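Close look at the chain arrangement
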Amino acid sequence: MKINLKVWRQKNNNTAGKLVDYQLDNVSEDMSFLEMFDVLNDSLTRKGEDPVTFDHDCREGICGMCSMYINGRAHGPQTGATTCQLHMRSFNDGDTIVVEPWRARAFPVIKDLMVDRSAFDRIIQSGGYVSVNTGSARDANEILIPRTVADEAMDAAACIGCGACVAACKNASAMLFVSAKVSQLAILPQGHSEHKERAERMVAQMDAEGFGACSFTGACSVECPKSISLDHIARMNREYLGAKLSSENVQG
Amino acid sequence: MAWVTQTLSSSLGRKVIMSLTGLFLSTFLIVHMAGNLQLFKGDGGRAFNEYTYFMTHNPVIMTVSYLLYTSILVHALMAFVLTRHNQASRPVKYAYSKPEANSDWSSRNMGILGTILLLFIIIHMRTFWYEMHFGSVPMAEYDGKQYKNLYAVVQVAFGEWWYVLLYVVCMGALGYHLAHGFQSGFQSLGVRHKKYTPLIEALGKYFFAIIIPLAFAAMPIYVFLQVHHII
Amino acid sequence: MKLESKIPAGPLAEKWARHKFSLKLVNPANKRKYEIIVVGTGLAGASAAASLAELGYNVKAFCFQDSPRRAHSIAAQGGINAAKNYQNDGDSVFRLFYDTIKGGDYRAREANVHRLAEVSVNIIDQCVAQGVPFAREYGGTLANRSFGGAQVSRTFYARGQTGQQLLLGAYSALSRQVANGKVKLYPRTEMLDLVVEGGKARGIITRNLITGKIESHSAHAVLLCTGGYGNVFYLSTNAMGSNVTAAWRAHKKGALFGNPCFTQIHPTCIPVSGHYQSKLTLMSESLRNDGRVWAPKSKEDAVRIQKGEIKPTDLAEDARDYFLERRYPAFGNLVPRDVASRNAKYVCDEGRGVSKTGLAVYLDFADAIKRDGRKTIEAKYGNLFEMYEKITGENPYELPMMIYPAVHYTMGGLWVDYNLMTTIPGLYALGEANFSDHGANRLGASALMQGLADGYFVIPYTVGDYLATIGPADKIPVDSPAFKEAEQKVHAQVNQLLSIKGERPVDDLHKELGHIMWEYCGMSRTAEGLKLAKQKIQALKKEFWTNVKVLGDSEEMNQALEQAARVADFIELGELMVDDALNREESCGGHFREEHQTPDGEALRDDENFAYVAAWEYQGENQPELLNKEILEFENVKLTQRSYK
Ligand SMILES: Cc1cc2nc3c(=O)[nH]c(=O)nc-3n(C[C@H](O)[C@H](O)[C@H](O)COP(=O)(O)OP(=O)(O)OC[C@H]3O[C@@H](n4cnc5c(N)ncnc54)[C@H](O)[C@@H]3O)c2cc1C
Ligand code: HEM
Ligand code: SF4
Ligand code: FES
C-alpha cells in the first residue's frame, strides 16, 4: 500500500522543528510501524538525507523505549499496544499518518521523535524501591501474599515506563506512571514499611519535574499499552493524603 | 507548618482543594435547588419569599453561606492556578491530536465549563443576591410581617427571554461540569472502590449532571411562561 | 596463554563456601576509596552495581538505552529457576546442578554450575524482598511451574513478564543507590573501548550518544555486563540495540573469547513475514506444554497451504505429521530447544513448511482447548495469544499458531575464571556477556538466574579480593597516556566511519552478515559451509569498510553511526564464530555439525577430544586468532549421550 507520512523533524533541542512530508509506495500490511520507518530511513539514507531518529529497542512491547504520537494518539490507533506492536494492517492504502514525538515540558525533544524521559528515572530514585540490601532477605515463602494481592501488585508493576500516559494526558501528567509504582509497593507487605515517605517523596519529585496535575480524564489509562488502571491513581491520592496527615515529617 | 503549605501547593493537594470545594458546592446545589422549588408552588411567591427570609436571617445558614462564597472563590482561583500549570506542562502543542478517542469532552474542558459557571454565578449574584442585600427590593407583607419580595425580582428577571436562555445554557454547562466533576472529586480524595464507585458515578451522571441542572433550568422557564401568561 | 580457571579445591558442594572464606576482604572504611565501572544495567549489571554500592564502593553504571530499566533482560518472559523445592517434588541444589550440566551437553564447568545452583535460592528471597510480584497460590505461597521440559517444577514467574519484574527489582535497588549518591548513572552512553595499562583494566572510553562526546572514565575495576551477541545474525529475539561491542573491544585488548560458536536457537518464535523484518519475537517456551507441533505429511498439502488454497484446519488428522511426538515419544513436544529447532528446520528443508514463506511449522492448541476448555487455555496463555495476534493478525484460538526457530541466546562470551575475571586482571564479565555456565546449550529460565547470581551473589565477594590485592592507589588518571591513546583510537574510528561515504546503509550490510551466519553457522553447520562463510565474511568486511554509508555528524545524536560501529564488530565476531565452529569437530548442544551425528540424526559429542572450552586470543587485525583450551574435568557427573526418545 501507499502511505503518506508527516513526520516531526527537529535537529536538536535548541532548534525549531517542523512536520516534513514523505511518501512510501511499497508498504506491506504485515510490516510493523517501526519497520515502515526502517524502510523510510533506508531510502532516506540512500538519497543522502538524514534518517529519522526515534527510540526503540525490544520491538516487542516490553522495554518501553518506543514512543511515537501517531495520528493524534500515543502509540497510535491500537489500544493496549506500543508503537512497536502496531502493524501497518491498522492503516489503509493512501492514508496520511502524522507522527510526532511525546510532548511535555518534562520530556524535552532530543532529536526528531526522540525525547528525554530521564524524569521518570529520577522519580523512581526518589522512592520507588524497597530498602533492602543484597543478602539480607529472609526466605521468600515466609512472606505470605494472597494471590489476589499479588495479582493486583503485578497489574501495577506491569508498567513499562514508556510515558504514553504523559503524552496522552491533556495536562502532561505523570500520575499513572507514578501511581503504578506507589500502588504496587503499597499493596505488598514488603513495601509497606516505607509507604508514607515513598508517597510523599515520589509526588514531590513528580511535581519538581514539571508534569501537570491530574484532571482524571482517563486518557492515560486508555492509551497505556499495559492498560494500567485508574484505581492506582486513587490509591496514590489516598496514600499521599494519608501520609501527609499522619507522617511526622513537618518539613513538608 | 511547612508541611501544610507544601501539601496544599502540591499537584495532589491542589486537587484536594478543588475536590473539597467542588463537592461542597455540589451539596449546596441540592439545598439551593430544594429551596428554590418553592417557586413552583403557585402561591404568588409567598413560600419563596419566606424561604428567602429564613436563608438570610438564620445564623447557621449565614455562616455556611460565607463558607460558600469562599468555596467559590477558592475553587475558581485554584481552577485558574491548576489550568495554567497544566497548560504550561505542555509548552509545545501537538500539531494533530485526537483526544476524543480516549476521554470525554467534559473532562477536558472543565476550565471552560467552570469559566461559564463563574460568569453565571456573577450575573446570578448581581441579579438576586446584590439586589437582595444592597438594591431596592419591593416589600411584601404576609401575616402582618414584612418580607423583601425577591419573588418580584425573579419575575422581572425571568420575564426576559434572553435571561432565561442564558440560564438554560449555563445549566447545560453545570451539567457537563458535574458529569465529570462529581465523580472526579472522589477520585481526588482517593475514594475509589469496586462497590461504591459505580454508585458515585451514577449519582454524578444522573442526579448531579441531569436532574439538578434540569430542575434549575425549569425554574426560569416556568416563571417566564407564567409571567407571559402562557400557562 | 595459560588459562587459570581458579576452581577451588575440595568437594563440589563446599567449593564456594571455602572459596568465599579464602577471598580477601576490603576494610569497610576503605571501600569508598574504590571506583568500579559497571557497563550494562541488565540483570547482571543492575544487580552488581546496586550490591557493590550497598557495600560502599563508588560505582559508575553505563547503558546505551535512555534508562537502565530498558536493558534487554526486560524482555525475558518465561521465568527463573531456583532449587527451592517448594513443590516437594524432589528438586535439590544437586539436581539443578545436574540438569544444567547435562542440558549444557557437558561443556560447562562443574564448580561454576554448582555455585549457580546454590545461590539460586537466595536470588528468589532477594527478589521477593524487593517487591517482585511473583505468581502466588491462593494461600499466599509462591507458585512454580515446570519449564522447558524440566522434570520438576522449579521455575518462578511473574505472568509472562518475569524478566521485566526481576529487572525492575534490580533497577529499583540501583535507583536507591543512585539516590544515596553511591552510583552515578550514565544512560545513553556507549562503551567504545577498554583501557588497559600495566596489564590491568584501568577504565573505559565512552561516547555520549546525545552529544557525541568521547569521554574517559577511570576505575579500579571494570565489569562488563553487556549481554549477548545474538544480533550477529541480524534477525534474533534480542533487542535491536543488543551488541557485542563492549566485549569485542575488550577481546581485542586481550580478553579471551570463550566458545563463540555456541548459540541457542529457540524453537517457538513468530516466523519471518518479509524482507523488511527487523527482529523476531519469541513466544514463550511454556506454549509447548499444551501446544502440539506439526507440519503437513505431504509436500503437496504444504504447498497448497503456502499458496493460501487451504487452511491448516482443513487438513485431516492423518494428513498431519506431529513430528516431535513421532520422533521422541518419551519427551514429545517438550524436547530441548536445540532438538525442537533442528527438527522444525528439517521439516521445512523437506518442503513441508507452512506460511507464505514455507519457513514455519504449526503449534496447535485445538486439542488442548478441546480437553481443558478455552477458558483454561486463555488463563494460561491469554497474553501470549494476544501478542501473537497483534503481530500476525491471526487468531490462535481458531487457527494453529505458526512458529519457526530463531536465534535467542549466546552461550559463548568472554572467558572468565571462577571469580568471573577475564584474562585481563581487573576486567570482569557477568551475565550473558561471559561464556557462562550453560555449556553448549542453556536450559530455559536459567539465564535470568545466572545474571542475578553473578551480580548479587558472586561479584560482591570476588571483586573485593582483587581490590584488596591491588590497593586503592592502583588507579591511573584519565589524562594519562593510556587513556589519551584509547580516546584517539575511538575518535579515529568514528571519523573513519563517517568519511567512507559509500553506497550501502548499515542495516543493509548487517542483513547480509545475518544471512551468512544463519545459512552457514546457524542450526546446522558443515565444514564446507563454514569455509565458504569465512570467505564471505572477509569479503563483507572489505565491503563494509569501503562502502558503508553513514550520514550526519559525530557530535550529535546519530543512530546510524552507533549501529555502524556495532556492525563492524559483529563482522569480526562472525568470523571468529565460524572459526570456532570449524574447529569444534563434534556436535554438542546448540552446535550441530552435520558430519557428526548418530545414525538417527542426533548430535554426536566427542568427549575425548572436545571436552574443553575454546578460548580464543586476538592476534591483531586480520590475523587468525589463537586457540587456547581449558580442559573441562567432570568429577561429579557421568558424561552420557542426551536422549529424549
Ligand atoms: C525474548 C527473550 C526471552 C528470554 N526469556 C528468558 C527466560 O524466560 N528465562 C531466562 O532465564 N532467560 C531468558 N532469556 C535470556 C535472558 O533474558 C538474558 O540472557 C539475560 O537477561 C541477559 O542479561 P544481562 O544482564 O547479561 O544482559 P542484558 O539484559 O542484555 O543487558 C545488557 C546491558 O548492557 C548494556 N550495554 C551493552 N553494550 C553496551 C555498551 N557498549 N556500552 C554501554 N552499555 C552497553 C545495555 O545497555 C544493557 O543495559 C530471554 C531472552 C530473550 C531475548
Ligand atoms: C456550582 C458551581 C460548581 C460546582 C458544583 C463545581 C464542582 C466541581 C467538582 C466537584 C469538581 C471536581 C474536583 C476534582 O476533580 O477533584 C470540579 C472541578 C473543576 N472545577 Fe468546578 N464547580 C463549580 C464551579 C466552578 C467554577 C466557577 C470554576 C471556574 C472558575 C470551576 C472550575 C473547575 C475546574 C477547572 C475543575 C477541574 C480541575 C481539574 O481537575 O483539573 N468550577 N468542580
Ligand atoms: S503507566 Fe502505562 S502509559 Fe504510563 S509509562 Fe507506564 S506503561 Fe507507559
Ligand atoms: S521497542 Fe520496546 S516497547 Fe516498543
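Residues numbered from 1 in each chain as written. Chains lettered and ligands numbered in written order. Predicted model: local features only at pLDDT ≥ 70, side-chain atom pairs only at ≥ 80, totals over all residues. Heavy atoms only, no water.

Some remarks on the nonpolar core
- If you look at the biggest cluster of nonpolar residues, it comprises 258 residues, and the most contacted ones within it are Met206 and Phe211 of chain A together with Ile80, Phe134, Leu223, Tyr428 and Leu467 of chain C.
- Taken domain by domain, this core gets at least three of its residues from each of domain 1 (3-111) and domain 2 (117-131 + 144-246) of chain A.
- Apart from the residues within four sequence positions on either side, Phe134 of chain C is in contact with Ala150 of chain A together with Ile80, Ile124, Cys127, Val128, Leu142, Phe156, Tyr157, Ala158, Thr162 and Leu166 of chain C.
- Counting 35 residues, the second-largest nonpolar core is a separate cluster that includes Leu29, Phe128, Ala215 and Val223 of chain B. (Core = buried A, V, L, I, M, F, W, Y, C linked by side-chain atoms within 4.5 Å. Buried < 20%, exposed > 50% of the residue type's maximum accessible area, 1.4 Å probe, protein only. Domains from an automatic or database assignment. Contact = heavy atoms within 4.5 Å.)

Observations regarding helix H7 (residues 195-208) of chain A
- With 14 residues, H7 of chain A extends 20 Å from end C-alpha to end C-alpha; this agrees with the ideal 20 Å at 1.5 Å per step.
- Of the positions making up H7 of chain A, those classed as buried are His195, Arg198, Ala199, Glu200, Met202, Val203 and Met206 of chain A.
- Elements that come into contact with the buried residues of H7 of chain A comprise helix H2 (118-125), helix H5 (175-187), helix H6 (189-192) and helix H9 (231-246) of chain A together with helix H2 (11-36) of chain B.
- Of the residues flanking the end of H7 of chain A, it is Gly210 of chain A, one or two places downstream, whose phi is positive at about 90°. (Helix = DSSP H or I, 4+ residues; strand = E, 2+ residues; numbered from the N terminus. Expected span 1.5 Å × (residues − 1).)

A word on the sheet that holds strand E20 (residues 612-617) of chain C
Residues and elements named next belong to chain C.
- The antiparallel open sheet is built from four strands, whose spatial order is E16-E10-E20-E21. Edge strands, defined here as strands with exactly one partner in the open sheet, are strand E16 (413-414) and strand E21 (626-631).
- Bridge analysis of E20 against E21 gives six bridges, and the strand direction is antiparallel. In the sheet register, Ala615 faces E21, and the bridge partner there is Asn628.
- Contacting strand E10 (257-258), E20 and E21, helix H16 (residues 559-583) crosses the sheet at an angle of about 140° to E20. (Pairing = 2+ DSSP bridges. Axes fitted to C-alpha atoms, helices over the stretch in contact; angles between N-to-C directions.)

Looking at the interface of chain A and chain B
- Facing the 51 residues of chain A at the interface are 37 residues of chain B.
- Counting each side, the surface lost to burial between chain A and chain B is near 3,600 Å², with a carbon and sulfur contribution of 55%.
- Per-residue buried area on chain A facing chain B is highest for Arg103, Arg105 and Phe216 of chain A; these three make up 16% of the total on that side.
- Applying the counting rule to chain A against chain B returns one salt bridge.
- Notably, a salt bridge pairs Arg192 of chain B with Asp231 of chain A, separated by 2.5 Å at the nearest N-O pair.
- Secondary-structure elements contributing two or more residues to the side of chain A that touches chain B are strand E5 (96-100), helix H4 (164-168), H7, helix H8 (219-223) and H9 of chain A.
- Examining the composition of the side of chain A that touches chain B, we find that 10 residues originate from one element, H9 of chain A, more than from any other. (Buried area = accessible area lost by both parts, 1.4 Å probe. Salt bridge = Lys/Arg side-chain N within 4 Å of Asp/Glu carboxyl O.)

Regarding the coordination of the iron atom of ligand 2
All names here are of chain B.
- Coordination of the iron atom of ligand 2 by the protein is provided by His75 (NE2) and His177 (NE2), with metal-donor distances spanning 2.0 Å.
- Every donor counted, the six donor atoms about the iron atom of ligand 2 form angles of 85 to 179° at the centre, which fits octahedral coordination. Taken together, the residues His75 in helix H4 (residues 59-88) and His177 in helix H8 (residues 161-188) connect sequence positions 102 residues apart. Each member of the pair, His75 as well as His177, carries the same accessibility label: buried. (Donors = N, O, S within 2.8 Å, 3.2 Å for Na, K, Ca; no water. Tetrahedral: all angles 85-135°; square planar, octahedral: opposite > 155°, others 65-115°.)

Notes on the pairing of E20 of chain C
Residue and element names in this part refer to chain C.
- Counting buried positions over the six residues of E20 gives six, a clear majority of the element.
- Residues Tyr612, Ala614 and Trp616 point to one face of E20 and Val613, Ala615 and Glu617 to the other, with burial holding for every one of them.
- Looking at chain direction, E10 and E20 are connected through two bridges and run antiparallel. Pairing of Phe257 across the sheet is with Trp616, part of E20.

Some points on the packing of aromatic side chains
- Per the counting criterion, the structure on display carries 47 aromatic pairs over all chains.
- Relative to Tyr167 of chain B, the ring of Phe120 of chain B lies with its centre 4.8 Å away and its plane at 75°, an arrangement referred to as edge-to-face. Placement of the pair is Phe120 of chain B in helix H6 (residues 110-134) and Tyr167 of chain B in helix H8, with a sequence separation of 47 residues. Taken individually, Phe120 of chain B and Tyr167 of chain B each receive the classification buried, so the pair is uniform in this respect.
- Ring centres of Phe610 of chain C and Tyr612 of chain C lie 5.7 Å apart, and the angle between their planes is 35°; on these two criteria the pair is classed as tilted.
- The lysine or arginine in question, Arg103 of chain A, covers the ring of Trp8 of chain A, its NZ or CZ lying 4.2 Å from the ring centre.
- The ring of Tyr157 of chain C has Arg145 of chain C lying over it, and the distance from NZ or CZ to the ring centre is 3.9 Å. (Phe/Tyr/Trp six-rings, centres within 6.5 Å; stacked < 30°, edge-to-face > 60°. Lys NZ or Arg CZ within 6 Å of the ring centre and 35° of its normal.)

Re unusual backbone geometry
Residues and elements named next belong to chain C.
- For Asn88, which is not glycine, the phi dihedral falls at a positive 60°.
- You can see Asn88 is positioned in the loop between strand E3 (80-81) and helix H4 (93-103).
- Among the residues examined, Asn88 registers a relative accessible area of 67% and is labelled exposed.
- The backbone of Ala445 sits at a positive phi, close to 70°, despite the residue not being glycine.
- Assignment of secondary structure puts Ala445 in the loop between strand E17 (427-429) and helix H12 (447-470).
- By relative accessible area, Ala445 is classed as buried at 5%.

A few points about the site of ligand 3
- The environment of ligand 3 is made up of 13 residues, and the closest members are Cys159, Cys162, Gly163, Cys165 and Cys224 of chain A.
- Looking at the shell around ligand 3, the elements that each hand over two or more residues are H4 and H5 of chain A. (Near = heavy atom within 4 Å.)

Considerations on the interface of chain C and chain A
- Between chain C and chain A, the residue contacts involve 74 residues of the former and 78 residues of the latter.
- For the chain C and chain A pair, buried surface summed over both sides reaches about 6,200 Å², with 51% attributable to carbon and sulfur atoms.
- For chain C, the biggest contributors to the area lost against chain A are Arg70, Tyr276 and Lys390 of chain C; these three give 12% of the whole.
- Counting every contact that joins chain C to chain A gives 10 salt bridges.
- Put simply, Asp155 of chain A and Arg159 of chain C hold a salt bridge, and the shortest N to O gap is 2.9 Å.
- Applying the counting rule to chain C against chain A returns 50 residue pairs in polar contact (both at pLDDT 80 or more).
- Counting residues per element, the ones that place at least two in the side of chain C that touches chain A are helix H3 (43-55), helix H5 (110-130), helix H6 (162-179), helix H11 (366-392) and H12 of chain C.
- With nine residues, the single largest contributor to the side of chain C that touches chain A is H6 of chain C.
- Of the residues assigned to the side of chain C that touches chain A, the class counts are 30 nonpolar, 25 polar and 19 charged. (Polar contact = N/O pair within 3.5 Å; in protein donor to acceptor, adjacent residues only side chain to side chain. Nonpolar A, V, L, I, M, F, W, Y, C, P; charged D, E, K, R; others polar.)

Description of the site of ligand 1
Residues and elements named next belong to chain C.
- Taken together, 38 residues lie near ligand 1, and Gln65, His72, Ser73, Met191 and Glu432 sit nearest.
- At a separation of 2.4 Å, an oxygen atom of ligand 1 approaches a polar side-chain atom of Ser73.
- The protein chains hide 98% of the 1,000 Å² of surface that ligand 1 would expose on its own.
- For the shell around ligand 1, the elements supplying multiple residues, two or more each, are H3, strand E6 (189-197), strand E15 (401-410) and H12.
- In terms of residues, the shell around ligand 1 owes the most to one element, E6, which gives three residues.
- In terms of residue class, the shell around ligand 1 is made up of 17 nonpolar, 18 polar and three charged. (Areas by Shrake-Rupley, 256 points an atom, 1.4 Å probe, with all protein chains shown as cover.)

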